[in-house]
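# Structure assessment
The lines below spell out each chain.
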Amino acid sequence: METLIITAVAIVLFFIFMSYFPISLWITARFSGVNVGLLNMTFMRIRRVPPRVIVDALITAEKAGLKDITADALESHYLAGGNVQKVISALISADKANIELSFEQAAAIDLAGRDVFEAVQISVNPKVITTPKVAAIAQDGIQVIAVARVTVRANIRRLIGGAGEDTILARVGEGIVTSIGSSQSHKEVLENPDKISKLVLSKGLDEGTAFEILSIDIADIDVGENIGAKLQEDQAEADLKVAEAKAEERRAMAIALEQEMKAKAQEARAQVIAAEAEIPKAIAEALRNGNIGVMDYLRMQNIQADTSMRKSIGGSDTPRDNDNNPYN
């Protein structure tokens, strides 16, 4: 019974020992030429660093001929949140391509959030970026739509703090718009599309970016709408609406003036009628005061009747109704 207990305790202690002391990994490292102590691997586990990640990276670097890469440096990079394997892969690719890249630079690029291995690959094999369709208007008012392919190579020294692909695309698009807009005619752009690429390339658009522009090639160019004619049409329509609004304003003012004149005519007519209504009173007052005689009044009546009859015969005016005659 005691033997079984001792055996069980020994097995448990053995597995505990194996879990904290990676002997097999240490043996692999020793046979691969990597000098990492067993206690150092054990301390890695205590510091929550997987020893296999560090040892595998050191073995890969050793076999690729990379020197001056220590376990402490890899462990520090892992604890900082970096990708140890990508850094080693990037250093190997840079070394084989004769690109100067130190471990500190690669670690800094990786911690900056960029894919350092992809950056080295782009530095070795330039990448082609296709811009979206860029629409611009030539000076003759015709829209031109162009698509460009930009060949870029990663600049290792400017990867940290340098702008990315979006900035390259934005600058190239702006350059295309400027080049097309400065052309006298859209035919000039269609005849010489390389003029766009040469002008854009001469602007140094890769300044401050993580890339170096090798070439800009116009992949497709097409004619769009006649924007100039459309703008003129819209302007003419707007001018027509303004003219119609002004004409309507003048018509309304004329109508208002006509109504005002009618009102003034009515007012004047009312004043005339009021003045005519005073005439009988004046005649009666004159008769009472003896200023005129009855015969004078009758003669005046006969003259008015004769005048009304002549107007009626001549058709120049409608005779005044006797009921409305103020002199009756």
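Look up: the structure comes first, before these words.
What comes next is a walk through the structure.

Reading the values: the criteria
- Residues numbered from 1 in each chain as written.
- Predicted model: local features only at pLDDT ≥ 70, side-chain atom pairs only at ≥ 80, totals over all residues.
- Heavy atoms only, no water.
- Helix = DSSP H or I, 4+ residues; strand = E, 2+ residues; numbered from the N terminus.
- Buried < 20%, exposed > 50% of the residue type's maximum accessible area, 1.4 Å probe, protein only.
- Contact = heavy atoms within 4.5 Å.
- Patch = residues over 30% accessible without salt bridge, like charges linked within 9 Å, V, L, I, M, F, W, Y side chains within 5 Å.
- Areas by Shrake-Rupley, 256 points an atom, 1.4 Å probe, with all protein chains shown as cover.
- Salt bridge = Lys/Arg side-chain N within 4 Å of Asp/Glu carboxyl O.
- Core = buried A, V, L, I, M, F, W, Y, C linked by side-chain atoms within 4.5 Å.
- 1 Å grid on protein atoms, 1.4 Å probe; cavity = no way out; pocket = protein on both sides within 12 Å on 5 of 7 lines; lining within 4 Å.
- Points joined across faces, edges and corners; volume = space filled by probe spheres on them.
- Nonpolar A, V, L, I, M, F, W, Y, C, P; charged D, E, K, R; others polar.
- Axes fitted to C-alpha atoms, helices over the stretch in contact; angles between N-to-C directions.
- Parallel < 35°, antiparallel > 145°, perpendicular 65-115°, else oblique.
- Left-handed = near helix turned anticlockwise from the far one by under 90°.
- Expected span 1.5 Å × (residues − 1).
- Polar contact = N/O pair within 3.5 Å; in protein donor to acceptor, adjacent residues only side chain to side chain.

## Thoughts on the side chain of Glu75
- Tracing the backbone through its elements, the reader meets Glu75 in helix α5 (residues 71-79).
- Judged by relative accessible area, which is 5%, Glu75 ranks as buried.
- When residues no more than four places from it in sequence are discounted, the contact partners of Glu75 are Met44, Arg47, Val49 and Ile54.

## So, a nonpolar patch on the surface
- Together, Leu287, Val294, Met295 and Leu298 make up a nonpolar patch on the protein surface, roughly 370 Å² of accessible area in all.
- No other element matches helix α13 (residues 294-314), which puts three residues into the nonpolar patch.
- For Leu287, the location among the structural elements is in helix α12 (residues 227-289).
- Given a relative accessible area of 34%, Leu287 falls into the partly exposed group.

## A look at the nonpolar core
- In terms of nonpolar packing, the biggest core is built from 57 residues, with Leu74, Ile88, Leu91 and Ile176 touching the most fellow members.
- If we skip the residues at most four places from it in the chain, Ile88 touches Ala57, Thr60, Ala61, Leu66, Ile69 and Leu74.

## With respect to unusual backbone geometry
- The backbone phi angle of Arg48 is positive, close to 65 degrees, even though this residue is not glycine.
- Structurally, Arg48 can be placed in the loop between α3 (38-46) and α4 (51-64).
- Positive phi is not limited to glycine here, since Asn98 has a value of about 60 degrees.
- Within the secondary structure, Asn98 sits in the loop between α6 (84-96) and α7 (103-111).

## Observations concerning the layout of surface pockets
- For the second largest pocket, the calculated volume is near 160 Å³.
- Every residue lining the second largest pocket is counted, 14 residues in all, and those nearest its centre are Val34, Asn35, Leu58, Glu62 and Ile69.
- The biggest single contributor to the lining of the second largest pocket is α4, with three residues.
- In terms of residue class, the lining of the second largest pocket is made up of seven nonpolar, four polar and three charged.

## Section: the environment of Gln184
- The topology assignment puts Gln184 in the loop between α9 (165-181) and α10 (186-191).
- Accessibility expressed as a relative area gives 53% for Gln184, which makes it exposed.
- It is 9.5 Å that separates the C-alpha atoms of Gln184 and Gly141, two residues lying 43 residues apart in sequence.
- For Gln184, the residues in contact, after removing those within four places along its chain, are Gln139 and Asp140.

## Observations regarding the packing of α9 against helix α11 (residues 194-201)
- Put simply, α9 and α11 touch, their axes get as near as 9 Å, and they point 125 degrees apart. Between α9 and α11, the angle is such that the two are oblique. As for how α9 packs across α11, the hand of that crossing is right-handed. Counting all contacts with α9, which are made through Val172, Gly175, Ile176, Ser179 and Ile180, the residues of α11 involved are Lys195, Ile196, Leu199 and Val200.
- Of the residues belonging to the contact of α9 with α11, the class tally is six nonpolar, two polar and one charged.

## Observations concerning the side chain of Ser183
- You can see Ser183 is positioned in the loop between α9 and α10.
- In this view, Ser183 contacts Ala138, Gln139, Glu188, Val189 and Lys195; residues no more than four positions away in its chain are not counted.

## A short note on α6
- Compared with an ideal rise of 1.5 Å per residue, which puts 13 residues at 18 Å, α6 spans 19 Å between its outermost C-alpha atoms and is within 8% of the ideal.
- For α6, every residue scored as buried is listed here: Val84, Val87, Ile88, Ala90, Leu91, Ile92, Ser93 and Ala94.
- Contacts made by the buried residues of α6 are with α4, α5, α7 and α8 (116-124).
- Regarding α6, its N-cap is Asn83, as a side-chain oxygen of that residue lies 3.3 Å from the backbone nitrogen of Gln85 further along.
- Of the residues flanking the end of α6, it is Asn98, one or two places downstream, whose phi is positive at about 60 degrees.

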